[in-house]
Amino acid sequence: MGAESARYSFRHPRTGEWAHNLAHSLQEESWRTYIQPGWDFLSQTPDPVLRIVEVGFGRGFNSAELLRRLSMELPDKQVELTAFEPFPELLEPWPEPPQELQQWLPWWGKSAGNYRDSSASWQATIHTAAAQQAELWPQQDTHLVILDLFSPGRHPEQWQDPLFANLSAHAVRGAQLTSYSCARWLREQLQEYGWQTTVLRVSGQRDTLHAVFLPEIPTGDARIPT
């Protein structure tokens, strides 16, 4: 068990499941599992604004590491982040934030709210609500969805629809989705909504799920006009 990861992670009170893989550092876990699989798409899209949704936000380490890398490597992009953390009580008490990410953790100790950096290159909206609430999702094209909920086997209530309908409703074609869970059930749910799923396997690391939104393009109305 990594001491740093255990300090900043938290356990679900019912199942005892940890919110992070304690074998890796927080930044390593965020990069390898949730950011790297979709990085090429974020880098190559011509869209000037990147819209990102994180479901299962916790203390926000994945989003903070993503904002840090985007600010360094894609400084010309604007970023709009939406996050869902329906159980903020699990985060108490908050430790001191890690120094290397402190600049990108304006929500530390507070969670819910609206945040932006001084240069207005990014803004974040954090909801203490479940991602099943469709009205809270961005109504414009989404480029990346990070699914960091507790496991679907032990916490099926967190994965119920309309989660999959919501994350698909405004996804740009080619949008990326990442998750630590590679469960067959999850892959099948995503495939029903037009996501093509791949399980990424790297020696010495746990498997990661990467999905790309490529729904079938409607061929038009085939009826013969009268």
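Everything here concerns the structure above.
Reading the values: the criteria
Residues numbered from 1 in each chain as written. Predicted model: local features only at pLDDT ≥ 70, side-chain atom pairs only at ≥ 80, totals over all residues. Heavy atoms only, no water. Helix = DSSP H or I, 4+ residues; strand = E, 2+ residues; numbered from the N terminus. Buried < 20%, exposed > 50% of the residue type's maximum accessible area, 1.4 Å probe, protein only. Contact = heavy atoms within 4.5 Å. Areas by Shrake-Rupley, 256 points an atom, 1.4 Å probe, with all protein chains shown as cover. Phe/Tyr/Trp six-rings, centres within 6.5 Å; stacked < 30°, edge-to-face > 60°. Lys NZ or Arg CZ within 6 Å of the ring centre and 35° of its normal. Arc of directions from axis to C-beta. Polar contact = N/O pair within 3.5 Å; in protein donor to acceptor, adjacent residues only side chain to side chain. Pairing = 2+ DSSP bridges. Axes fitted to C-alpha atoms, helices over the stretch in contact; angles between N-to-C directions.

Q: Would you mind showing me how to read the overall build of the protein here?
A: Looking only at helices and strands, the protein has five helices and eight strands in total. For the protein, the N- to C-terminal ordering of α and β elements is α-α-β-α-β-β-β-β-α-β-α-β-β. Taken across its 226 residues, the protein has 52% of its residues classed as buried. Partitioning the intrachain contacts of the protein with sequence separation of at least 6 by distance along the chain shows that 70% fall at a separation of at least 24. With the model as given, the accessible surface of the protein reaches about 11200 Å², and the carbon-plus-sulfur share is 49%.

Q: Help me understand the packing of aromatic side chains in this model?
A: Each aromatic ring pair is described using two quantities: the centre-to-centre distance and the angle formed by the ring planes. The full count for this structure, using the stated rule, is eight aromatic pairs. Relative to tyrosine 115, the ring of tryptophan 107 has its centre 6.3 Å away and its plane inclined at 70 degrees; by these criteria the two rings are edge-to-face. Residue tyrosine 115 is classed as buried on the basis of its relative accessible area, which comes to 12%. For the ring pair tryptophan 195 and phenylalanine 213, a centre distance of 4.9 Å and an interplane angle of 45 degrees mean the geometry is tilted. Here tryptophan 195, found in strand 7 (residues 195-200), pairs with phenylalanine 213, found in strand 8 (residues 208-213); they are 18 residues apart in sequence, far enough to count as distant. Following the ring pairs from residue to residue traces out a cluster consisting of Phe57, Trp107 and Tyr115. The ring of tryptophan 94 has arginine 59 sitting right over it, with the charged end atom 5.5 Å from the ring centre.

Q: What should I look at first to understand helix 5 (residues 184-192) in this one?
A: Every α-helical turn comprises 3.6 residues, leaving residues that sit three or four positions apart pointing alike. Of the positions making up helix 5, those classed as buried are Leu186, Gln189 and Leu190. Buried residues of helix 5, seen end-on, are gathered within an arc of 95 degrees and therefore sit on one face of the element. Facing away from the buried side of helix 5, by more than 90 degrees, are the exposed residues Arg184 and Glu192. Those residues of helix 5 that are buried are in contact with strand 5 (142-147), helix 4 (163-169), strand 6 (171-179), strand 7 and strand 8.

Q: Got a minute to help me understand the environment of tyrosine 180 in this structure?
A: Position of tyrosine 180 relative to the elements: it lies in the loop between strand 6 and helix 5. When the C-alpha atoms of tyrosine 180 and arginine 206 are compared, they prove to be 8.1 Å apart, with 26 residues separating the residues in sequence. A polar contact is formed between the side chain of tyrosine 180 and the backbone oxygen of leucine 149, at a distance of 3.3 Å. There is a polar contact of 2.8 Å between the side chain of tyrosine 180 and the backbone nitrogen of serine 151.

Q: Please explain the sheet that holds strand 7 as it appears in this structure.
A: The strands that make up a sheet pair up through hydrogen bonds in the backbone, lying either parallel or antiparallel. On the basis of which strands lie adjacent, the open sheet formed by eight strands has the order 3-4-2-1-5-6-8-7 and mixed pairing. The open sheet is flanked by strand 3 (113-116) and strand 7, the only strands paired with a single partner. Each adjacent strand pair in this sheet contributes to an overall mean axis angle of 15 degrees, direction not counted. Bridging between strand 2 (residues 78-84) and strand 4 (residues 122-127) involves six bridges; their strand directions are parallel. Bridge assignment links valine 79 to a residue of strand 4, and that residue is tryptophan 122. Here helix 2 (residues 26-44) sits on the sheet in contact with strand 1 (49-55), strand 5, strand 6, strand 7 and strand 8, set at roughly 160 degrees to strand 6. Contacting strand 5, strand 6, strand 7 and strand 8, helix 5 crosses the sheet at an angle of about 155 degrees to strand 7.

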